[in-house]
Amino acid sequence: PVEGNTVADASGTVTDNGDGTYTVPLATGGLEPDRFQRGWLQDSQGYVYEIVSNTAASLTVLLSGNSEPPMSNGSVWFRDDDLLHDGQDVPMPDMSELANAMAEAYVKVMTDVGDNNGDVAFRLNLADYLQVRDWDSAAANSSSFWVAYLLGAFQEHPGYDNDPQAETSIRKGATLGTSGGSFIFLESTWDEALEFNYDPGEVERDLVVHELGHAVSGLGREIEPVTRRSEGVPSRYTEASLKAIRSSPRPLGP
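Residues numbered from 1 in each chain as written. Predicted model: local features only at pLDDT ≥ 70, side-chain atom pairs only at ≥ 80, totals over all residues. Heavy atoms only, no water.

Participant: Could you give an account of the overall build of the protein, with specific residues and numbers?
Facilitator: Broken down by element type, the protein carries four helices and 12 strands. If you line up the protein on its principal axes, its C-alpha atoms span 65 × 35 × 25 Å. Classification of the 254 residues of the protein by burial places 46% in the buried group. Restricting to contacts in the protein with at least 6 residues of sequence separation, those with at least 24 account for 66%. Here the protein displays about 12,200 Å² of accessible surface, and carbon together with sulfur accounts for 50% of that area. (Helix = DSSP H or I, 4+ residues; strand = E, 2+ residues; numbered from the N terminus. Buried < 20%, exposed > 50% of the residue type's maximum accessible area, 1.4 Å probe, protein only. Contact = heavy atoms within 4.5 Å. Areas by Shrake-Rupley, 256 points an atom, 1.4 Å probe, with all protein chains shown as cover.)

In structure tokens:
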């Protein structure tokens, strides 16, 4: 389950900016600038405010509805616009298109063969993939029986998570090189899809096909594009990817 995604702090003297917004200084601070943009702040009065922007040491919030100005010198709690909140479980990525895509490469997909750990330790920002990878069936990966690993993760480095939305490089998935394993960063995937009015489910399904295509081709990042999404055919492999998968001796990994 998600943890540490809601921040508790104390407000200083709140400033009225004269435009419907208020600046709330924080006792602790140390925030990533504009990470909490479009998120929410709650003060000790119980009022909730939309966060317009933030610096390292303050939040600017919008007054709306029947709420009062944020309380000075009181407890505050705030979070960003992530869809998953503290206590909610990070789900397994949607694999519903994988079998159809792999069938075109003459690969039959079987899931949860020998390893299905749904209780991997949560990391808000996954800096070290091997820190959380729990691939117990890796030893079974061979030329005669392919085994790949897929993990539903939250987000990667803070610089690639679309918080703030000014970030232009968004890491939605990754596949390790010779050590193997594919990761889908679900929060970043959903966040980008909603910002640009994509279908989040379609993007997620295509990412699963994309990253496992890297894994089973044995070539890692050497082939791009992997799927035909730019042609309007998401979750189906390009001819180059199909050729690489069909000729691969085994997936990446031990």
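Participant: So what's going on with the packing of helix 2 (residues 186-195) against helix 3 (residues 200-217)? Residues and values would help.
Facilitator: Interaxial distance between helix 2 and helix 3 falls to 9 Å at its minimum, and their mutual angle equals 135°. The orientation of helix 2 with respect to helix 3, classified from their angle, is oblique. Crossing of helix 2 over helix 3 shows right-handed handedness. For the pair helix 2 and helix 3, the contacting residues are Leu186, Thr189, Trp190, Ala193 and Leu194 in the first and Pro200, Val203, Glu204 and Leu207 in the second. Broken down by class, the residue content of the contact of helix 2 with helix 3 amounts to seven nonpolar, one polar and one charged. (Axes fitted to C-alpha atoms, helices over the stretch in contact; angles between N-to-C directions. Parallel < 35°, antiparallel > 145°, perpendicular 65-115°, else oblique. Left-handed = near helix turned anticlockwise from the far one by under 90°. Nonpolar A, V, L, I, M, F, W, Y, C, P; charged D, E, K, R; others polar.)

Participant: Pulling in residues and values, what's your account of the sheet that holds strand 4 (residues 40-43)?
Facilitator: As summarised here, the arrangement of the seven strands in space is 1-7-4-5-6-3-2, forming an open sheet in which the pairing is antiparallel. Each edge of the sheet is formed by a strand with only one pairing partner; in this case those strands are strand 1 (6-10) and strand 2 (15-16). (Pairing = 2+ DSSP bridges.)

Participant: Can you break down the environment of glutamate 187 residue by residue, with the values?
Facilitator: Along the polypeptide, glutamate 187 turns up in helix 2. The buried category is assigned to glutamate 187, whose relative accessible area is 1%. For the pair glutamate 187 and aspartate 81, spaced 106 residues apart in sequence, the C-alpha separation works out to 9.9 Å. Residues in contact with glutamate 187, not counting those within four places in the same chain, are Asp81, Asp82, Leu83, Leu84, Ala153, Phe154 and Gln155.

Participant: For the side chain of histidine 210, give the residues involved together with the corresponding values.
Facilitator: When you line up the elements, histidine 210 lands in helix 3. The exposure class assigned to histidine 210 is buried, which follows from its relative accessible area of 14%.

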